[in-house]
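Structural overview for review
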Amino acid sequence: MRVRFNVFCHTEWGQEVYVLGTNPELGNWDLSRARKMTYSPGHVWRTEVALHEDPFTAFNYKYLIRNEAGALIREETGTRTFDAGMLRPVSLEFADTWDNPSDPDSLFRTAPFVETIFRHDAVEAHVPVSGSAPGDGPLATVRLKLVNPRVRSGDTVCVVGNIEPLGGWDSAKGAPMDPSGFPYWTLDLILNVRKIPFQYKYVIKDCSGEIVAYEDGPERSFEFSGITWASEAGEDEVRDPQEAPLIMVTDNKFGHKMKWRGAGIAVPVFSIRSDEGLGVGEFLDLKGLADWARETGFQLIQMLPINDTTAYMDWMDSYPYSCISVFALHPLYLNLEAMGPLPDGMTDEIASHRSRLNASPVLEFEQVMTVKRALFRKIFEAKKDAFLASPELRAFLQDHGHWLKSYAAFSALRDYFRTGDFFEWGPYAQVTEEDIDTLTTPGSEHYETVAFYYFLQYHLHVQLSDAARYARERGVVLKGDIPIGIQKRSDSCWINPGLFHMDQSAGAPPDPFSDSGQNWGFPTYNWGEMARDNFSWWRNRMGHMAHYFQMIRLDHILGFFRIWEIPDDSYSGLMGHFNPALTLRKEEFESEGIWDLDRLKKPYIPGWLVKIAFGREASRVTAQYLSEDEPGHFTLKPEFGTQRQVARHLSGSGAGAESGRAYLERVEDGLFSLISDIILFEDTANSGFHPRINMMDTASFASLDGWMKEKLMRLYYDYFYHRQEGFWREQAMVRLPVLKRVSNMLIAGEDLGMIPDCVPGVMEELCILGLRIQRMPKESDREFGYPWEYSYLTVAATSSHDMSTMRGWWEEDRARTTRYYHVVLGREGEPPLTLEPHLSQQIIRQHLDSPSMWAVFPIQDVLAMSAGLRRPGNPVVEQINVPAEPNHLWNYRVHITTGRLLDEKEFNAQLRKMIADSGRDNPY
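Below, the structure is looked at part by part.

Helices and strands together make up the secondary structure of the chain, namely 26 helices and 36 strands. Here the chain has a C-alpha radius of gyration of 32 Å; the compact-globule value for 924 residues is 29 Å, and the two agree. Expressed along its principal axes, the backbone C-alpha trace of the chain runs to roughly 110 × 80 × 75 Å. Taking all 924 residues of the chain together, the buried fraction comes to 57%. Across the chain, contacts joining residues at least 24 apart in sequence account for 73% of those joining residues at least 6 apart. Distance between charge centroids for the chain: 2 Å, based on 94 positive and 128 negative side chains.

As a further point, take the packing of helix 14 (residues 618-625) against helix 16 (residues 661-675). Where helix 14 meets helix 16, the axes come as close as 12 Å, and the angle between the chain directions of the two elements is 65°. Judged by the angle between their axes, helix 14 and helix 16 are roughly perpendicular. The handedness of the crossing between helix 14 and helix 16 is right-handed. Touching Arg620, Val621 and Tyr625 of helix 14 are Tyr663, Val667 and Leu671, all from helix 16. Taken together, the residues of the contact of helix 14 with helix 16 break down into five nonpolar, no polar and one charged.

Right, let's get into the sheet that holds strand 30 (residues 633-636). On the basis of which strands lie adjacent, the open sheet formed by three strands has the order 28-30-29 and antiparallel pairing. Bordering the open sheet on either side are strand 28 (605-606) and strand 29 (626-630), each of which pairs with just one other strand. Pairing geometry for strand 29 and strand 30, over four bridges, is antiparallel. Each bridged residue has a counterpart across the sheet, and for glutamate 628 the counterpart in strand 30 is phenylalanine 634.

For the rest of this paragraph, the subject is the sheet that holds strand 20 (residues 262-266). One open sheet accounts for eight strands, arranged 33-25-22-21-20-36-35-34; its pairing is parallel. Strand pairing shows two members of the sheet lacking a second neighbour, strand 33 (746-749) and strand 34 (770-773), which therefore form its edges. Each strand of the sheet is rotated relative to its neighbour by a mean of 25°, with strand direction disregarded. With three bridges joining them, strand 20 and strand 21 (residues 300-302) adopt parallel strand pairing. Note that in strand 21 the partner of alanine 266 across the bridge is glutamine 302.

What follows concerns the environment of serine 180. With respect to the helices and strands, the residue serine 180 is situated in strand 14 (residues 178-181). Sequence separation between serine 180 and histidine 120 is 60 residues; the distance between their C-alpha atoms is 8.7 Å.

Here we take up the pattern of salt bridges. Within this structure, the stated rule accounts for 51 salt bridges. Across the pair arginine 414 and aspartate 415 runs a salt bridge, and its minimum N-O distance is 3.1 Å. For arginine 414, a relative accessible area of 2% translates into the label buried. On the accessibility criterion, aspartate 415 (24% relative accessible area) is partly exposed. The salt bridge partner of arginine 666 is glutamate 617, with a shortest N-O separation of 3.8 Å.

Another aspect to go through is the packing of aromatic side chains. Per the stated rule, a full pass over the model turns up 68 aromatic pairs. Centroid distance phenylalanine 59 to tyrosine 61: 6.2 Å. Interplanar angle 50°. Geometry classified as tilted. For the pair phenylalanine 59 and tyrosine 61, a shared accessibility class is recorded, and that class is buried. Members of the aromatic cluster, each reached through a chain of ring pairs, are Phe327, Phe380, Phe387, Phe396, Trp403, Tyr407, Phe452, Tyr453, Phe455 and Tyr458. The lysine or arginine in question, lysine 145, covers the ring of tyrosine 184, its NZ or CZ lying 4.9 Å from the ring centre. The cationic tip of arginine 377 hangs over the ring face of phenylalanine 452; the distance from NZ or CZ to the ring centre is 3.8 Å.

Locating arginine 414 in the fold gives a position in helix 5 (residues 391-417). Sequence-distant contacts of arginine 414, that is, excluding residues within four places in its chain, are made with Asp308, Thr310, Met313, Ile324, Thr419, Gly420, Trp425 and Tyr453.

Counting buried positions along strand 16 (residues 198-205) yields seven of eight residues, so the element is predominantly enclosed. Pairing of strand 16 with strand 18 (residues 220-222) involves three bridges; the strand directions are antiparallel. Paired with tyrosine 200 across the two strands is arginine 220, which belongs to strand 18. The loop that links strand 16 with its antiparallel partner strand 17 (residues 211-214) comprises five residues; one of these, glycine 209, has a positive phi angle of about 95°.

Bringing the nonpolar core into the picture now. Counting 162 residues, the largest nonpolar core has Trp292, Phe298, Trp494, Trp538, Leu712 and Leu736 as its most contacted members. Here this core takes 15 residues from helix 7 (residues 447-473), the largest share from any one element. Those residues in contact with phenylalanine 298 that lie beyond four places of it in its chain are Ala263, Gly264, Ile265, Trp292, Ala293, Val476, Phe857, Val862, Leu911 and Ile915. Within the second largest apolar cluster, 55 residues are counted, among which are Val142, Ile196, Met551 and Trp854.

Working note: α-helix, 3.6 residues per turn, so residues spaced by three or four point in the same direction. By the criterion of burial, helix 10 (residues 536-545) is predominantly enclosed, with seven of the 10 residues buried. Residues of helix 10 that are buried: Ser536, Trp537, Trp538, Arg541, Met542, His544 and Met545.

The side chains of a regular strand alternate, first on one face of the sheet and then on the other. When strand 28 meets strand 30, the two strands line up antiparallel, connected through two bridges. Bridge assignment links proline 606 to a residue of strand 30, and that residue is histidine 633. Counted between consecutive antiparallel strands, the loop separating strand 29 from strand 30 contains two residues, among which glycine 632 sits at a positive phi close to 80°.

About the cut-offs
- Throughout, residues of each chain are indexed from 1 in the direction in which the sequence is written.
- Predicted model: local features are reported for residues with pLDDT of at least 70 only, side-chain atom pairs are reported and counted for 80 or more only, and whole-chain, interface and lining totals are derived from all residues.
- To obtain the side-chain values, all non-hydrogen atoms of the structure were included, while hydrogens and water were left out.
- Here a strand is any run of E in DSSP of at least two residues, a helix any run of H or I of at least four, and the numbering for each starts at the N terminus.
- A radius of gyration in this sense is built from C-alpha atoms; the matching globule rule multiplies 2.2 Å by the number of residues raised to 0.38.
- Think of it in three bands: with a 1.4 Å probe and only protein chains considered, a residue is buried below 20% of the maximum accessible area for its type, exposed above 50%, and partly exposed in between.
- Should any heavy atoms of two residues lie within 4.5 Å, those residues are considered in contact.
- A positive count includes Lys and Arg, and a negative count includes Asp and Glu. His and the chain ends are not counted in either.
- Where a charge sits is defined by one atom per residue type, namely NZ (Lys), CZ (Arg), CG (Asp) or CD (Glu).
- Every axis in this analysis is a line fitted to C-alpha atoms, fitted for helices over the stretch in contact. Angles between the N-to-C directions lie between 0 and 180 degrees.
- Any angle between 65 and 115 degrees counts as roughly perpendicular, while under 35 counts as roughly parallel, over 145 as roughly antiparallel, and the rest as oblique.
- Should the near helix be turned anticlockwise from the far one by less than a right angle, the crossing is termed left-handed; should it be turned clockwise, right-handed.
- Note on residue categories: nonpolar means Ala, Val, Leu, Ile, Met, Phe, Trp, Tyr, Cys or Pro, charged means Asp, Glu, Lys or Arg, and polar means any other residue, Gly included.
- Strand pairing is assigned whenever DSSP identifies at least 2 bridges connecting the two strands.
- A carboxyl oxygen of Asp or Glu within 4 Å of a side-chain nitrogen of Lys or Arg is what we treat as a salt bridge.
- Side-chain rings of Phe, Tyr and Trp, where Trp is taken by its six-membered ring, are said to pair if the distance between their centres is within 6.5 Å; with planes under 30 degrees apart they count as stacked, over 60 as edge-to-face, and otherwise as tilted.
- Distance and angle both matter: a charge sits over a ring if NZ of Lys or CZ of Arg is within 6 Å of the ring centre and within 35 degrees of the ring normal.
- The criterion is simple. A nonpolar core is a set of buried Ala, Val, Leu, Ile, Met, Phe, Trp, Tyr and Cys residues joined through side-chain atoms within 4.5 Å.

This is how it looks when you write it as structure tokens:
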């Protein structure tokens, strides 16, 4: 069968379009054999092939753009599918439109919309519409195919047009399309070729037949494209409808008049309070929260990471961004009663613990985990024989064994050696796949503990899957969170150490969260090694999250461009540099007349700086930690040359038992400051130098001559703001598209902090949503962001888990609050001392009215709109995390239960009206 491919595609000079597919003539998905197309006037690319296999067998194909350098641009659609159905056409022609991956409308084919908000469960038969009588002349079948996920369940897309089968522009007589391939809608028109060309448009009707949405824009036109109507048997014309030439017309999108916008709520799972939880929010508590979201008009629940973080076996494991597995779920969230019939007496035991732990205003992490671990063990002992012999376990291992076995082995050895630091595990410090198989074989020394973790993970999977299904059926999207880093004490680092730089730590340069930057303690990624298998570690991670979530937040998306990397011998974020980065070369400094690089790459410690750092203790500190190389100028003694050396000394016996804690803290802070008073970091691996962030704030810089300061500043700005942009863009465009293609999840990126200029362009090109926080505007000349000016591909939020709530922020800085009150809220006079409910409502309303695709609010900020529902007392206790405080406890709990929220009918109605008035509940 002869097949002609036509695709409407705007290309740039040097670009060519190819078609690739499942047939040998289309390359069998081999990129090197993709079929090049020919350009025709009007931005149409064409090619013709003769298919020698069964021409009526369904096949897949897609279009690609290749530039002069060989780089590929792929369509947003993974593959296009053709299935002739009952037809046996003598020829086939495709009239397609390039599916632009940068088109925001492509996002409506992602899981939040096709699986949840606009899900369609009903399947209808495909019914062709005849526009010709038998013997009425040569026939052709025109198959209209529309991509339109934005159709409410129960509504139907219809086609109206200027020919009789399409109602002659009578909308009431429009032809309904077949939704069985949702989000694709199809309609077969069997026409006499004399009725071509014709004009048409799409409309949406509700179940009563009323039109609820007219397509915007000019009329569509189908025109004869030159296909030969004669059959291969030599007939003059085809009169059998089944054999008529088939023309496939794919329209990429419905012309919606308004952009869709939604609203959501953000709350960590551990913070949810319910009567059923055991001192902590659990996965099944998401059901009650989904009911409340549906009641109020919220269509999304955003949560923090939910992976297992059990590394230290104490309160430090409460930090949700420090996961020991990127697959395993945290046992903290497991509901005991939902694990099946409980051992005798356990129901009363649970009730006793629940009464005590649920009364706590905060999450008592260690107590909850201690109680749950003991009860999990009892349940496992009662059920293990049946569980280990069950088909459910076999199926679970079949689907999840690629991560479950190594995780369970890691957890068993962590428990056995009483530490998550696998370097202390003797013969198990390094392992092979064979070692994992041995450890997880029934009868092995550690198998019972391994099986215990199989048991927990199975039930966690079942319960989270149940909650996800429940939310999805109620039209509520679950949005997960993927941390940028993982624990060094993790199963991934244990079994795949080559994927990570274990001698480096990830962090962040100074930002509004921390003046000295952040050191997260996570290893940085060895992206070169990860690329060898096309980032399978990341692909598996993303695919696993798609089991539960329809939308995902990529934490610190800037890390896919470059990461702030801190050597293991340093603690302060000030000691980091970007990796990868194009370093400053020695020759660049010499060309500027700067020759003494040795002076710039060492801490500069004049006597006056020592006095400022240590005050009355200066003489004592100098004698113990410093050497005076020349009068009034010092260097650190070799044994105290790094921050790690200093920290180890001060935490050990070498510091002196007579030294008080306050003194040791002052010494540590002061020595850390001296060590970081440096201008350049040498990078021997890349034969160059990285300027220290904010080097202009150092004493070393202040002591330089004016001409050298000027030269160094020129190099500094080139390094941080110019030379890296194209390089970092290349890194992101290698990594992020791979993640995007893994699943159908909608992706949002946390793009706060020191943002390279290339980031917004890449995110827009890939249709990855950005984050907009009013207190951290993207515009450098603004103190606050203006929600009414946010771009569409964003998530607007009043605050995040890393900052104070709106109520807390209101009381932090009176002068700044006053400016916000006047400039953003447009009010006069003095602002109230606290954020009153009516002002909370105004702030929420501003964000709801923003153009952002999503407006997502921390639950604390939403409850602040009600005098009766907001948390009493100091709002500081509602802040989830304080990034500048490494020992902060992640223990925030909502002060009222989901059941109480559901009972607040008046507040819920008010909230639903606010969302409705903003247009965020309108599908069309």
